[in-house]
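# Inside the fold
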Amino acid sequence: MPALQSEFDAFAAQHPGELSLAWAPVGAPDKVQTLGTTRDADAWSTIKVPIAVAALGHAGGAEKAPESMLTWVRAAIEWSDNDAAEALYTSLGADKVAEEAVETVLRAAGDTRTDVDPDEGENHGFGRSVWRVEDSARYVAHLPCASGDAAVVYDEMARIEAEQRWGLGALGDRARFKGGWGPSDHGYLVRQIGTLDHDGGRTAVAFLVAPSDDAHETATTTASALATWFAGRLGPADAGTCPGGEPTAPITLTPRPSGTTTEPGTATPTSPTPGSPAPTVSSPTDGTSRR
């Protein structure tokens, strides 16, 4: 670890700003290791993963969920649609009921302290939840081993749209991930959670990047460089598997139609089943400043 810390410090010195990284073997969320620190740890869109898992469970499972909900899951994960994520969150109930439903998913993974959607300050909402890098790594180390509903969401993390395939996405098909980005209290922040296949197993990874110039392009470029740097230092001891084997997703969501594109910040999910409520969002975003 001292040698890795020294290498990380050298990497960080070449990328002005703040970096933090956490990882654990999949199936071993109690073995999280960390490097670096960032003053902010806003969840942004990475929290859409446990929200989607909670919503499917609340609906009685993916096989019983209405088609509109499955559409929202796909949109919230694959292209980070905010309206779809809001619809999933609202489906859990009002206010504290929804918060507690998502926190229950996190607690099952060993995250004992994350407070979802804190009612504090002018800026609040589930994206502003403080999700520390080590807690998010702990969650994603558990995710592939969780229920079949979680497996549906985890499968979607392999289908992220091209323009959001930075960070772990730069490593190709062996990565599953979800990113998030936005202006936090001390500057612009991007982050990811995900897993990386290697040495016959998987490593759960979470990281945060806050570049000194507050630029989205700098942040995502640094994220890709960090993921590549880290992947080159993983070994067999970092690769884990689920103790009872990975659950199989009970359904596979319909792929996004070929040739479909969405402009940043204007994406909307495919029309829900007639009669289902239209999703709403509390505050619009421009797609590069907050997602």
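Everything numeric in this text was worked out from a predicted model, so none of it was measured.

## Description of the overall build of the protein
- When helices and strands are tallied, the protein shows eight helices and five strands.
- Tracing the protein from N to C terminus, the helices and strands come up as α-β-β-α-α-α-α-α-α-β-β-β-α.
- Per-residue burial over the protein gives 55% buried out of 291 residues.
- On the protein, roughly 12100 Å² of surface is accessible, and the fraction owed to carbon and sulfur atoms is 50%.

## Considerations on the confidence of the model for the protein
- Residue-level pLDDT values for the protein average 88, and 85% of them are 70 or greater.
- In the model, residues 259-288 has pLDDT below 50 throughout and makes 49 contacts with residues more than four positions away in sequence or in other chains.

## With respect to the packing of aromatic side chains
- Considering all chains together, one arrives at six aromatic pairs under this definition.
- Look at W131 and Y139: their rings are 5.7 Å apart centre to centre, the planes differ by 55 degrees, and that puts the pair in the tilted class.
- The exposure class of Y139 is buried, given its relative accessible area of 2%.
- The interplanar angle of 70 degrees and the centroid separation of 6.1 Å between the aromatic rings of W166 and W181 together place this pair among those described as edge-to-face. Taken together, the residues span a long stretch of sequence, with W166 in the loop between helix 7 (148-156) and strand 3 (175-184) and W181 in strand 3 at a distance of 15 residues. For the pair shown, W166 and W181 are each scored as buried.
- Lying across the ring of Y154, R176 places its NZ or CZ 4.3 Å from the centre.

## Here's the deal with helix 3 (residues 67-78)
- Relative to the 16 Å expected for twelve residues at 1.5 Å per residue, helix 3 spans 16 Å between its end C-alpha atoms, a close match to the ideal helical length.
- Burial analysis of helix 3 places eleven of its twelve residues in the buried class, the great majority of the element.
- Restricting attention to buried positions, one finds in helix 3 the residues S68, M69, L70, T71, W72, V73, R74, A75, A76, I77 and E78.
- At the C-terminal side of helix 3, S80 shows a positive phi close to 55 degrees.

## Describing the environment of S129
- Inspection of the secondary structure assignment puts S129 in the loop between helix 5 (96-108) and helix 6 (133-142).
- What makes S129 buried here is its relative accessible area of 0%.
- Spatially, the C-alpha atoms of S129 and A41 are 8.0 Å apart, while their sequence positions differ by 88 residues.
- Within the structure, the side chain of S129 is placed 2.7 Å from the backbone oxygen of F126, a separation counted as a polar contact.

## Describing the nonpolar core
- Formed by 88 residues in total, the largest nonpolar core has its most connected members in L21, L56, L88, Y139, L143 and W229.
- Beyond its immediate sequence surroundings of up to four residues, Y139 is in contact with V49, P50, V53, V105, L106, A109 and W131.

## Some details on unusual backbone geometry
- At S80, a position not held by glycine, the phi torsion is positive, near 55 degrees.
- Relative to the elements of secondary structure, S80 occurs in the loop between helix 3 and helix 4 (82-90).
- Positive phi is not limited to glycine here, since D199 has a value of about 50 degrees.
- Looking at the secondary structure, you find D199 in the loop between strand 4 (187-198) and strand 5 (201-211).

## Considering the environment of D117
- Counting through the fold element by element, D117 comes out in the loop between helix 5 and helix 6.
- Its relative accessible area of 12% is what places D117 among the buried residues.
- Excluding its chain neighbours within four sequence positions, the residues that come into contact with D117 are Y89, E99, H124, G125, F126 and S129.
- A distance of 3.4 Å separates polar atoms of two side chains, one belonging to D117 and the other to Y89.

## Notes on helix 1 (residues 2-13)
- The end-to-end C-alpha distance of helix 1, which contains twelve residues, comes to 17 Å, matching closely the 16 Å that a straight helix rising 1.5 Å per residue would cover.
- Every buried residue of helix 1 is accounted for by L4, F8 and F11. Considered in projection along helix 1, the buried side chains sweep an arc of 60 degrees and stay on one side of the axis. Residues of helix 1 that are exposed and point over 90 degrees away from its buried face: P2, A3 and A13.

Basis of the calculations
Residues numbered from 1 in each chain as written. Predicted model: local features only at pLDDT ≥ 70, side-chain atom pairs only at ≥ 80, totals over all residues. Heavy atoms only, no water. Helix = DSSP H or I, 4+ residues; strand = E, 2+ residues; numbered from the N terminus. Buried < 20%, exposed > 50% of the residue type's maximum accessible area, 1.4 Å probe, protein only. Areas by Shrake-Rupley, 256 points an atom, 1.4 Å probe, with all protein chains shown as cover. pLDDT = per-residue confidence, 0-100. Contact = heavy atoms within 4.5 Å. Phe/Tyr/Trp six-rings, centres within 6.5 Å; stacked < 30°, edge-to-face > 60°. Lys NZ or Arg CZ within 6 Å of the ring centre and 35° of its normal. Expected span 1.5 Å × (residues − 1). Polar contact = N/O pair within 3.5 Å; in protein donor to acceptor, adjacent residues only side chain to side chain. Core = buried A, V, L, I, M, F, W, Y, C linked by side-chain atoms within 4.5 Å. Arc of directions from axis to C-beta.

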